[in-house]
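For reference, the chains in residue letters:
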Amino acid sequence: MRDTSAIAIHWETYRGVVVLTGAGVSVASGLPTYRGKGGLWEKVESAKLADAAAIFERPHEVWAFFSKARLHVHKAAPNAGHQALASIERLVREAGHDFLLITQNVDGLHQRAGSGEVVELHGSITKARCSDPGCDLPPFDLQGKHKGKRAPPCPHCTAPLRPDVVLFGEMLPTDAIQRAKHALDTCDLFLAVGTSGTVYPAASFVRSAEYAGARTLYLNLEAMDPSDPAFDEVLLGPAEVLLPRLLGL
Ligand SMILES: [Zn+2]
């Protein structure tokens, strides 16, 4: 791994910082990557719960699966990578500049580490919402409740509740995408951390940042294959090691 101590970033000199994170940031917290072997989505798929239709056909099985995953997340703690990102946000915001963390993770560990400006592209495993798209119940935090095997009824309309995560075949939340795009259009520093960089629309974010004239960095355990010329710099290593070094720690 390259020595990153020499390339600590002067975060406060950037007017708009956008960081995209993926499962690689949560590995050191003991959470599996989503798409790799044994990952959450592989299990969801093998249990045939990945399709959006499963929410209606087998709401209790979907609920039980994510309840189990939620317990796992509840027991996990943020690691040095999450903490470094929260520190970076503080530095940038204290300088009066803009910061946005866009995450593909559904584990809520960024918020638990102290990150405030977070867009959850794939929703959150810690929240539930109504399975009826027409229902006006807003998503709410489960706070460790409803760990049972059956989906509780919606308090507004009695339809089964569902996890507030984006399943295959479902649209990403529009407000999350709009917030991400707005930040990318005006950023001058973009980092992608712990993500394969191949899943759209997140994979296109670096191009938006490049178009905005931003400096672009890719941090991951493994190099992108094929590599993406839109990234100016590539740092290989674990997120929990690289991110503190970019803070000069
Ligand atoms: Zn409802």
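Reference entry: report on the structure contained in this document.

Definitions and limits used
- Residues numbered from 1 in each chain as written.
- Predicted model: local features only at pLDDT ≥ 70, side-chain atom pairs only at ≥ 80, totals over all residues.
- Heavy atoms only, no water.
- Helix = DSSP H or I, 4+ residues; strand = E, 2+ residues; numbered from the N terminus.
- Buried < 20%, exposed > 50% of the residue type's maximum accessible area, 1.4 Å probe, protein only.
- Contact = heavy atoms within 4.5 Å.
- Areas by Shrake-Rupley, 256 points an atom, 1.4 Å probe, with all protein chains shown as cover.
- Pairing = 2+ DSSP bridges.
- Expected span 1.5 Å × (residues − 1).
- Polar contact = N/O pair within 3.5 Å; in protein donor to acceptor, adjacent residues only side chain to side chain.
- Arc of directions from axis to C-beta.
- Right-handed = clockwise from strand over helix to strand, strands pointing away.
- Axes fitted to C-alpha atoms, helices over the stretch in contact; angles between N-to-C directions.
- Salt bridge = Lys/Arg side-chain N within 4 Å of Asp/Glu carboxyl O.

This part takes up the overall build of the protein. When helices and strands are counted, the protein shows eight helices and nine strands. Within the protein, buried positions represent 49% of all 249 residues. Considering only residue pairs separated by 6 or more positions, the protein has 67% of its internal contacts joining residues 24 or more positions apart. Entry remark: accessible area of the protein is about 12000 Å², with carbon and sulfur atoms responsible for 54%.

We now examine the pairing of strand β4 (residues 123-130). Within a regular strand, the side chains alternate between the two sheet faces. With five bridges joining them, β4 and strand β6 (residues 161-165) adopt antiparallel strand pairing. Counted as the bridge partner of S124 is D164 from β6. Judged from the two bridges that link them, β4 and strand β5 (residues 140-141) form a sheet pairing that is antiparallel. The residue of β5 that forms the bridge with K127 is D141.

Counted at 1.5 Å a residue, the expected span for helix α4 (residues 80-94) with its 15 residues is 21 Å, and the 21 Å between its end C-alpha atoms agrees. Of all the residues in α4, the buried ones are G81, H82, A84, L85, A86, I88, E89 and V92. Taken together, the buried residues of α4 touch β1 (16-21), β2 (98-103), α5 (109-113) and α8 (239-246). One side-chain oxygen at the N-terminal end of α4 lies 2.7 Å from the backbone nitrogen of G81; it belongs to N79.

In an α-helix, one turn spans 3.6 residues; hence positions three or four apart end up facing the same way. With 12 residues, helix α6 (residues 174-185) extends 16 Å between its outermost C-alpha atoms, agreeing within 8% with the 16 Å of an ideal straight helix rising 1.5 Å per residue. For α6, the set of buried residues is A176, I177, A180, A183 and L184. Along the axis of α6, the buried residues cluster in a sector spanning 135°; they form a single face. Along α6, the residues that are exposed and aim more than 90 degrees away from the buried face are T174, D175, Q178, H182 and D185. Where α6 is buried, its residues contact β1, β2, β3 (118-120), β7 (189-193) and α7 (205-211).

So, on to the pairing of strand β8 (residues 215-220). Burial runs high along β8: five of the six residues are buried. Pairing geometry for β7 and β8, over five bridges, is parallel. Bridge pairing in β8 links F190 to T216. This β-α-β element, β7 to α7 to β8, shows right-handed connectivity.

Moving on: the sheet that holds strand β9 (residues 233-236). The parallel open sheet is built from six strands, whose spatial order is β3-β2-β1-β7-β8-β9. The open sheet has two edge strands, β3 and β9, and neither has a second partner. With strand direction ignored, the average angle separating the axes of adjacent strands in the sheet is 15°. When β2 meets β3, the two strands line up parallel, connected through three bridges. Across the sheet, residue T103 finds its bridge partner in β3, namely E120. Across the sheet, α6 touches β1, β2, β3 and β7, and the angle it forms with β2 is around 135°.

This part takes up the pattern of salt bridges. Under the definition given, this model contains nine salt bridges. One salt bridge in this structure joins E233 and R215, with 2.9 Å as the shortest N-O distance. Of the two residues, E233 is situated in strand β9 and R215 in strand β8; the sequence distance between them amounts to 18 residues. A relative accessible area of 24% places E233 in the partly exposed class. Among the charged side chains, a network of salt bridges with common partners joins E89, R93, E117 and R179.

Let us look at the sheet that holds β6. Reading across from one edge, β5-β4-β6 is the order of the three strands in this open sheet, with antiparallel pairing throughout. Each edge of the open sheet is held by one strand with a lone partner, namely β5 and β6.

Now for the environment of L101. Relative to the elements of secondary structure, L101 occurs in strand β2. C-alpha of L101 to C-alpha of A86: the two residues are 15 residues apart in sequence and 9.4 Å apart in space. Beyond its immediate stretch of four places on either side in the chain, L101 contacts V19, T21, L85, H110, S115, E117, V118 and V119.

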